[in-house]
Amino acid sequence: MQENPAYSTERLSFNEAVAYVQQTGKAAFAAMPVFGDDGDDENATAEGARIFLLLPDEDEGWLLRFIAGPFFTSAYAANDVIPAEEIPDRVHELLFMPTRCEDGWLTDQLQVLLGKLTQAAGIGEQMPDYEKMPVKGAGPEAVFPVNFIGGSKKPH
């Protein structure tokens, strides 16, 4: 199995990312910021993220883990494996970045996980070091509803 050097610097289509994961045993990810009610404001900042993480799997060759929720909390809205036949078309349209991922990272706060994935991909030099920031947030029993991560507008 020869690793394609182009994988290390280019974003990959979904199918290319799956092939990369199967061939190398490494990971690939795509991330989307989630904006709150002021998402149309030019000064809006992301309140959370959706992460689509392709990981090697001994049984199937690869799996897609979906992790989403608000930043700066230990509560997640989603941390699930999506079966291949249930992956939405919009995920197939995303571009993925080759990276690596350790099992322990999947329990980190979302912004810490993103920082580790981008650092491992070689694109993290612009990311703040969130691991050294003070921790605030809900307890482990708190779960946010999935619609929270959709960034939909609240009725007024």
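Described in the following lines is the structure provided in the data block. (Residues numbered from 1 in each chain as written. Predicted model: local features only at pLDDT ≥ 70, side-chain atom pairs only at ≥ 80, totals over all residues. Heavy atoms only, no water.)

Turning to the overall build of the protein chain, a few remarks are in order. Scanning the protein chain from N- to C-terminus turns up 3 helices and 5 strands. Along the protein chain, from the amino end to the carboxyl end, the secondary structure elements read α-β-β-β-β-α-β-α. Residues counted as buried form 39% of the 156 residues belonging to the protein chain. Of all intrachain contacts in the protein chain linking residues separated by at least 6 positions in sequence, the fraction that spans at least 24 positions is 58%. Here the protein chain has roughly 9,500 Å² of accessible surface; of this, 50% comes from carbon and sulfur atoms. (Helix = DSSP H or I, 4+ residues; strand = E, 2+ residues; numbered from the N terminus. Buried < 20%, exposed > 50% of the residue type's maximum accessible area, 1.4 Å probe, protein only. Contact = heavy atoms within 4.5 Å. Areas by Shrake-Rupley, 256 points an atom, 1.4 Å probe, with all protein chains shown as cover.)

The next subject is the environment of F14. Structurally, F14 is set in helix α1 (residues 14-24). Put simply, F14 and A30 are 16 residues apart on the chain and 9.4 Å apart in space, counted from C-alpha to C-alpha. Setting aside anything within four residues of it in sequence, one finds F14 in contact with L54, W62, I87, V91, H92, L94 and F96.

This next bit is on the sheet that holds strand β1 (residues 27-35). Read across the open sheet, the 5 strands follow the order β4-β3-β2-β1-β5; overall the sheet is antiparallel. With one partner strand each, in any of the chains shown, β4 (78-82) and β5 (97-99) form the two edges of the open sheet. Neighbour-to-neighbour, the strand axes of this sheet turn through a mean angle of 30°, independent of strand direction. Judged from the 10 bridges that link them, strand β2 (residues 46-57) and strand β3 (residues 61-70) form a sheet pairing that is antiparallel. Its bridge partner being in β3, I51 is matched across the sheet by I67. (Pairing = 2+ DSSP bridges. Axes fitted to C-alpha atoms, helices over the stretch in contact; angles between N-to-C directions.)

The next thing to look at is the nonpolar core. The nonpolar side chains of a soluble globular protein tend to be buried, and buried together. Within the largest apolar cluster, 20 residues are counted, with the highest numbers of intra-cluster contacts made by F14, L54, W62, L64, V91 and F96. Secondary structure elements with two or more residues in this core: α1, β1, β2, β3 and β4. Tallying contributions element by element places α1 first for this core, with 5 residues. Once residues within four sequence positions are removed from consideration, V91 is found in contact with F14, F52, L64 and F96. In this structure, F71, L113, L114 and A121 belong to the second largest nonpolar core, which totals 18 residues. (Core = buried A, V, L, I, M, F, W, Y, C linked by side-chain atoms within 4.5 Å.)

Scope: geometric values only; no functional claims are made or implied.
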